[in-house]
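# Survey of secondary and tertiary structure
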Amino acid sequence: MIIKNATVFTPQHTFAKGDIIIRNGRIVFGATPQLNEEVIDAEGLYALPGLVDLHFHGAVGYDFCDATEEAIQALADFEASKGVLAICPATMTYSEEILGGIMDAAAAHKNGKGADLVGINMEGPFISPDKIGAQNPKYLHHADVGMFRRLQERSGGLIKLVDIAPEEDGALDFIQQCHDEVRISIAHTCTDYDTAKKAFAAGASHMTHLYNAMPGITHRAPGPIIAALEDGAEVELITDGVHIHPAMVRFTFRVFGDDHVVLIADSMMACGLPDGQYSLGGQAVTVRGPVATLTEHPGVIAGSATCLYDCMRRAVLDMDVPLASAVRAASENPARSIGVESDYGSLAPGRYGNVILADHQLNIQKVIQKGHIIAG
């Protein structure tokens, strides 16, 4: 395939008019066009890398924790249709027995079609009972190296992120022992600045859905957010227009830098479906518009109802984040975070030919996966 005349998001994080040649599923540089190649004229369109979502739970009535091939394939198909071509879905707070079944299902999945399943984000159960959010407190567990390693074995090595509340018993020891095996993220935490600094010194390097389910910033208690800034951690942002005020989104990009921000959807099963009653982690959720809340605790946000592409689009059109910064934060940065950047997240030679063609209002015109049109 040859994509001609596109405004291409380059590996240098700029936009330039150019062509993209895809051979054997991967982008090549300087190849001579061949007569039998499909040619797409992308005049007037952006060519963006396929996105990478490292933190979402579900969509179209399915949840990753359903632990079935049907659910995983439905999520892969939906995400691919929205330009998200590599997925690292998140678990919830469950027992080792339940989590083990989820790992088994993920390990058995073959990336035959839809978005490629490239990892698992283990969001629970090593979190704080006092910042539980929409997680189920019934299954909370202190950080347990043996439990993680057993689950990692069952997943076939797919676990790429583990979330930790560093102030809880055993958490710092877990970080010290496991940070070379998996990326560790501070999440659902009451940690203060000093304990967060200890966690980063021990090997944590990531922050889950920044600002949500953690202490904020004050001038006498700077908290974990300032610790993350000082230690160069990468930080997740949910730009659905519900979780974070647009001014804080702009602030985060300016202060942390667009090389350290990772856009996520954190979507639950209502994503792609109308308002109504759903569930997340075994708890009832009510969805109205873009807002999902626990039915029994309507003040608690229960993930989002927005896919990653629409979060990225909203960051640009509604929150004044520069397009290049938003694209980088939804593609290259998450790919690097979970160690799949040699295949995904960029339009550099050698990467998979995963391309989103979008107009200047960022409406998707075509989704191309490994050189084949799959949507549009």
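Residues numbered from 1 in each chain as written. Predicted model: local features only at pLDDT ≥ 70, side-chain atom pairs only at ≥ 80, totals over all residues. Heavy atoms only, no water.

## Describing the overall build of the protein chain
Along the backbone of the protein chain there are 10 helices and 23 strands. Here the C-alpha radius of gyration of the protein chain, 20 Å, is about what a compact globule of 376 residues would show, namely 21 Å. Based on the C-alpha atoms only, the size of the protein chain along its principal axes is roughly 65 × 45 × 40 Å. The 376 residues of the protein chain split such that 57% are buried. Within the protein chain, contacts between residues at least 6 apart in sequence are counted, and of these 68% link residues at least 24 apart. Carbon together with sulfur atoms contributes 50% to the accessible area of the protein chain, which is approximately 14300 Å² in total. Within the protein chain, one finds 27 positive and 46 negative side-chain charges whose respective centroids are separated by 5 Å. (Helix = DSSP H or I, 4+ residues; strand = E, 2+ residues; numbered from the N terminus. Rg over C-alpha atoms; globule rule 2.2 N^0.38 Å. Buried < 20%, exposed > 50% of the residue type's maximum accessible area, 1.4 Å probe, protein only. Contact = heavy atoms within 4.5 Å. Areas by Shrake-Rupley, 256 points an atom, 1.4 Å probe, with all protein chains shown as cover. Lys, Arg positive; Asp, Glu negative; His and termini not counted. Charge placed at Lys NZ, Arg CZ, Asp CG, Glu CD.)

## So, the environment of G276
Mapped onto the elements of the fold, G276 is located in strand β17 (residues 276–280). Relative accessible area serves as the criterion here: at 23%, G276 is assigned to the partly exposed category. Non-local contacts of G276, meaning those with residues more than four positions away in its chain, are made with V285, T286 and V287.

## A word on the packing of helix α3 (residues 145–155) against helix α4 (residues 171–178)
When two helices pack together, their arrangement is given by the angle between the helix axes and by the axis-to-axis distance. At a closest axis distance of 10 Å, the pairing of α3 and α4 adopts a crossing angle of 45°. One finds that α3 runs oblique with respect to α4. Residue-level inspection shows V145, F148 and R149 of α3 in contact with α4, the latter providing F174, Q177 and C178. Among the residues forming the contact of α3 with α4, the class breakdown is four nonpolar, one polar and one charged. (Axes fitted to C-alpha atoms, helices over the stretch in contact; angles between N-to-C directions. Parallel < 35°, antiparallel > 145°, perpendicular 65-115°, else oblique. Nonpolar A, V, L, I, M, F, W, Y, C, P; charged D, E, K, R; others polar.)

## Here we look at the pattern of salt bridges
Counted under the stated rule, the structure contains 15 salt bridges. One continuous salt-bridge network, built from bridges that share partners, spans K197, E230 and D231. (Salt bridge = Lys/Arg side-chain N within 4 Å of Asp/Glu carboxyl O.)

## Looking at the pairing of strand β9 (residues 84–87)
Where strand β6 (residues 51–53) and β9 come together, three bridges link them in parallel fashion. Looking across to β9, one finds that V52 is bridged to A86. Where β9 and strand β10 (residues 116–117) come together, two bridges link them in parallel fashion. Looking at β10, one finds that A86 is bridged to D116. (Pairing = 2+ DSSP bridges.)

## Topic: the side chain of S325
When you line up the elements, S325 lands in helix α9 (residues 323–330). On the basis of relative accessibility, which here comes to 10%, the residue S325 falls in the buried class. Apart from residues lying up to four places away in sequence, S325 is in contact with F253 and D258.

## Some points on the sheet that holds strand β20 (residues 301–304)
One open sheet holds the four strands; their spatial order is β17-β18-β19-β20, and the pairing between them is antiparallel. Since the sheet does not close on itself, it has two edges, and those belong to β17 and β20, each with one partner. Ignoring strand direction, the axes of neighbouring strands in this sheet form an average angle of 35°.

## Examining helix α7 (residues 246–256)
Of all the residues in α7, the buried ones are V249, T252, F253 and F256. All buried residues of α7 fall inside an arc of 95° around its axis, so they share one side. Contact partners of the buried residues in α7: α6 (223–230), β15 (234–238), β16 (261–264) and α9. Within two residues after α7, G257 carries a phi angle of roughly 90°, on the positive side. (Arc of directions from axis to C-beta.)

## Notes on α4
Those residues of α4 lying buried are A171, F174, I175 and C178. One side of α4 carries all its buried residues, which in axial view fall inside an arc of 100°.

## Some words on the state of the cysteines
Under the counting rule described, the total for this entry stands at zero disulfides. Looking at C88, it has no disulfide partner, and the nearest cysteine sulfur is the one in C65, 12 Å off. In this structure C88 comes out as buried when scored by relative accessible area, which is 0%. Of the cysteine sulfurs around C307, a residue in no disulfide, the closest is that of C271, at 5.2 Å. (Disulfide = S-S within 2.5 Å.)

## With respect to the packing of aromatic side chains
Per the stated rule, a full pass over the model turns up six aromatic pairs. A ring pair is formed by Y94 and Y139, whose centres lie 5.6 Å apart and whose planes are at 55°; its orientation type is tilted. Here the residue Y94 occupies a position in the loop between β9 and α2 (96–108), and Y139 occupies one in the loop between β11 (120–122) and α3, the gap between them amounting to 45 residues. Pairwise contacts between aromatic rings join F9, F15 and Y46 into one cluster. The ring of Y352 has R26 sitting right over it, with the charged end atom 4.0 Å from the ring centre. If you follow K370 out to its NZ or CZ, it ends over the ring of Y352, 4.4 Å from the centre. (Phe/Tyr/Trp six-rings, centres within 6.5 Å; stacked < 30°, edge-to-face > 60°. Lys NZ or Arg CZ within 6 Å of the ring centre and 35° of its normal.)

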